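# Remarks on the overall topology
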Protein chains: 2
Amino acid sequence: MSQAIKQPRIVKIRENVLKKNDMLARELRKRFQENGVYVVNLVSSPGSGKTTLLTEVLTRLSNKYKTAALVGDLATENDAERLEKSGALVHQITTGTVCHLEAQMIEASLKQWNLAEIDFLFIENVGNLVCPSSYDLGENIRAVLFSTTEGEDKPEKYPTIVNSADVAIITKIDLADAVEFDKERFYESIYKSRPEMKIFEVSAKKDEGIDEWIDFLIKEKNLLGGQSIN
Amino acid sequence: MSQAIKQPRIVKIRENVLKKNDMLARELRKRFQENGVYVVNLVSSPGSGKTTLLTEVLTRLSNKYKTAALVGDLATENDAERLEKSGALVHQITTGTVCHLEAQMIEASLKQWNLAEIDFLFIENVGNLVCPSSYDLGENIRAVLFSTTEGEDKPEKYPTIVNSADVAIITKIDLADAVEFDKERFYESIYKSRPEMKIFEVSAKKDEGIDEWIDFLIKEKNLLGGQSIN
């Protein structure tokens, strides 16, 4: 196949793009740290409940902290509209046909805000368990969400996203019994590649585990320090 | 941003790769037709129930037809193992970090089989609602699956996959009430871009709608004809 001849060249250019992304992500990370912004990158497949969980988290955090959210989708502004009800600053990034967010999209979106006035920035990535794993967005922490309805084998089947994440969150834990979710097998599936990974179990609908997740983020932010003016 | 300078070049090379894919897909389509093989490409997000539905479909079809399945995943052979119980010929394609199947992967996998002895070939794509939309695999029909647990807004949020598909299937319809799935809104979400799209509603667990889906495929295959020796 002649396609094989082209492939090294594509790979080379992709590497350049990724490298540029990494350099820009590094700059962003520095800016976030200088301004005391703690940044969370949420990745998952479509429909795992990122927006529902995030709405709840933003609403609770907004009592004490200044929060913001950037939301990635191929199309529609639905998620931004849902998130705005929380009182957070919200901006939707529509990516067209691009299956992930990139550092330059984050940088461009930040221009509208004064970073020094933000404590927590949540980035809701495009619903995809493959592409977002390769793009550093300058975040402090990357959380991969898996819903009980997706089945317990997903961490094994999408190892790149698990390997690039810092913590895992099981969503829709209230549906575990209804969909016969095998929790033990799920933990095994994560631990196979990440034996020490911290795993949260949440249900936004039944208010389970959300405070633990928020407390963890606040603790992580405090450990990190930074020059927040709030 | 200097990244912008590089972009046209990447796009150009991607176009070449896609074009090569399309040419190979056209050859595959011709081979399938000559051998009387009806080919279904299943696309969806991770955990929508592709494998569960396919196992059921293969089991029922295998009574009267010779069936085969190619299954794409980044890693693991779990799906192939599950599908093999149906009595179909099964081959797993592990893509590493590639977020979709390509025509050349299909061509390479077919070498082990005699196409003239196959009536139905199902291709289970990598779980992803973005990337697979761009890659023709020579299939007769592309079905996009959405599970009730993913929520009713997904067709709007992933328009490229809806636009590239021929039919849509709502899976896990038995969970619709438990997850408060708004079916009317889902249909609207599809019809917004595809007003005439055929939509199936199935539950592999409760045996709902599967025979309708199979009958449709058999009818489509018969309409198409081909020189099956079976």
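Below you will find a few notes about this structure. Fair warning: this is a prediction, and the values are worked out from it, not measured in the lab.

Next up on the list: the overall build of chain A. Tallying secondary structure elements over chain A gives 8 helices and 7 strands in all. Taken over the C-alpha trace, chain A has a radius of gyration of 18 Å; the compact-globule value for 230 residues is 17 Å, and the two agree within 12%. C-alpha atoms of chain A, sized along the principal axes, occupy 60 × 45 × 35 Å. Burial analysis of chain A (230 residues in total) assigns 57% to the buried set. Considering only residue pairs separated by 6 or more positions, chain A has 73% of its internal contacts joining residues 24 or more positions apart.

Interfaces are often described in size by the accessible area the parts lose on coming together. Opposite the 50 residues of chain B that make contact, chain A presents 50 residues. Here chain B and chain A share 6 salt bridges between them. For the salt bridge of Asp79 of chain B with Lys157 of chain A, the shortest nitrogen-to-oxygen distance reads 2.6 Å. Linking chain B with chain A are 11 residue pairs in polar contact (both at pLDDT 80 or more), by the criterion used here. With 11 residues, the single largest contributor to the side of chain B that touches chain A is helix H1 (residues 3–34) of chain B.

Residues and elements named next belong to chain A. When you tally the buried positions in strand E6 (residues 167–171), you get 5 out of 5 residues, the bulk of the element. By the alternation rule, side chains of E6 split into Val167, Ile169 and Thr171 and Ala168 and Ile170, which are all buried. Pairing analysis gives 5 bridges linking strand E5 (residues 141–147) to E6, with the strands arranged parallel. Opposite Phe146, over in E6, you have Ile170 as the bridge partner. When E6 meets strand E7 (residues 198–201), the two strands line up parallel, connected through 4 bridges. Residue pairing for E7: Val167 is matched across the bridge by Lys198.

The next thing to look at is the state of the cysteines. All names here are of chain A. Counted according to the given criterion, the structure contains 2 disulfides over all chains. Sulfur-sulfur distance for the disulfide between Cys99 and Cys131 comes to 2.5 Å. On the S-S bond that ties Cys99 to Cys131, the torsion sits near -100°, and the link is left-handed. Of this pair, Cys99 sits in the loop between strand E3 (89–94) and helix H4 (103–110) while Cys131 sits in the loop between strand E4 (120–124) and E5, and the two are 32 residues apart along the sequence. Classification of Cys99 as buried rests on a relative accessible area of 12%.

Attention now goes to unusual backbone geometry. Note: most peptide bonds trans; most residues except glycine with negative phi. All names here are of chain A. If you check the backbone angles, Glu180 has positive phi at about 55° while not being a glycine. Assignment of secondary structure puts Glu180 in the loop between E6 and helix H7 (183–191). A relative accessible area of 57% places Glu180 in the exposed class. Of note, the phi angle at Asp207 is positive, near 50°, even though the residue is not glycine. The residue Asp207 is located in the loop between E7 and helix H8 (210–224) in this model. Using a relative accessible area of 45% as the deciding quantity, one classes Asp207 as partly exposed.

Residue placement: His100 of chain B occurs in the loop between strand E3 (89–94) and helix H4 (103–110). When sequence neighbours within four positions are dropped, the list of residues in contact with His100 of chain B reads Thr95, Met105, Asn125, Val126, Cys131, Pro132 and Tyr135 of chain B.

Glancing now at the relation of the copies chain B and chain A. Superposition record for chain B on chain A: RMSD 0.0 Å, screw rotation 180°, translation along axis 0.0 Å. Interpreted geometrically, this transformation is the action of a two-fold axis. Taken together, the interface assignments show that 100% of the residues at the interface of chain B recur at the interface of chain A, consistent with an identical surface on both copies.

With that settled, consider the packing of aromatic side chains. For the structure on display, the rule yields 20 aromatic pairs over all chains. Seen in terms of ring centroids, Phe120 of chain B and Phe122 of chain B are 6.3 Å apart; in terms of plane orientation they differ by 20°. Their pairing is stacked. The residues Phe120 of chain B and Phe122 of chain B share a single accessibility class, namely buried. Among the aromatic side chains, those forming a connected cluster through ring pairs are Phe146, Phe181, Phe186, Tyr187 and Tyr191 of chain A. A cation sits over an aromatic face here: Lys221 of chain A above Phe120 of chain A, 5.7 Å from the ring centre.

A few words now on the pairing of strand E1 (residues 38–44) of chain B. Residue and element names in this part refer to chain B. Judged by how many residues are buried, E1 sits mostly within the fold: 7 of 7 residues are covered. Residue alternation in E1 divides its side chains into two sets, Tyr38, Val40, Leu42 and Ser44 and Val39, Asn41 and Val43, and both sets are buried. For E1 and strand E5 (residues 141–147), the ladder comprises 5 bridges, and the chain directions are parallel. Looking at E5, one finds that Leu42 is bridged to Ala143.

The next thing to look at is helix H2 (residues 50–61) of chain B. The first and last C-alpha atoms of H2 of chain B sit 16 Å apart over 12 residues, in line with the 16 Å expected at 1.5 Å per residue. Along H2 of chain B, the positions that sit buried rather than exposed are Lys50, Thr51, Leu53, Leu54, Thr55, Val57, Leu58 and Leu61 of chain B.

We now examine H4 of chain B. For H4 of chain B, the full list of buried residues reads Ala103, Met105, Ile106, Ser109 and Leu110 of chain B. Within H4 of chain B, the buried residues cover an arc of 160° as seen down the axis, which keeps them to one side.

Reading the values: the criteria
For every chain, the first residue of the written sequence is number 1, and numbering continues from 1 onward in sequence order. Lettering for chains starts from A, numbering for ligands starts from 1, and both go in the order in which the items are written. Two thresholds apply to this predicted model, a pLDDT of at least 70 for residue-level local features and 80 or more for giving and counting side-chain atom pairs, whereas whole-chain, interface and lining totals are computed over all residues. To get the side-chain values, all heavy atoms of the structure are used, and hydrogens and water are removed first. The secondary structure listing takes helices from DSSP runs of H or I that are at least 4 residues long and strands from runs of E that are at least 2 residues long, numbered from the N terminus. With C-alpha atoms as the basis for the radius of gyration, the globule rule is written as 2.2 Å multiplied by the number of residues raised to the power 0.38. Remark: exposure states derive from per-residue accessible area (1.4 Å probe, protein chains only) relative to the maximum for the residue type, with buried under 20%, exposed over 50%, and partly exposed in between. Any pair of residues with heavy atoms lying within 4.5 Å of one another is described as a contacting pair. We define a salt bridge as a side-chain nitrogen of Lys or Arg found within 4 Å of a carboxyl oxygen belonging to Asp or Glu. Polar contact criterion, stated in full: a pair of N or O atoms within 3.5 Å, where within protein one must be able to donate a hydrogen and the other to accept it, and residues adjacent in sequence count only if both atoms are side-chain atoms. Pairing between strands is defined by DSSP: at least two bridges between them are needed. The disulfide definition used here is simple: a pair of cysteine sulfur atoms within 2.5 Å. We superpose the copies by least squares over the C-alpha atoms of residues that have a pLDDT of at least 70 in both of them. Only the six-membered ring of Trp is used, alongside the rings of Phe and Tyr, when aromatic pairs are assigned; centres must lie within 6.5 Å, and planes under 30 degrees apart are stacked while those over 60 apart are edge-to-face, with the rest tilted. Our definition puts a charge over a ring when NZ of Lys or CZ of Arg is within 6 Å of the ring centre and also within 35 degrees of the ring normal. Multiplying 1.5 Å by the helix residue count minus one yields the expected span of that helix. What the arc measures is the spread of directions leading from the helix axis to the C-beta atoms.

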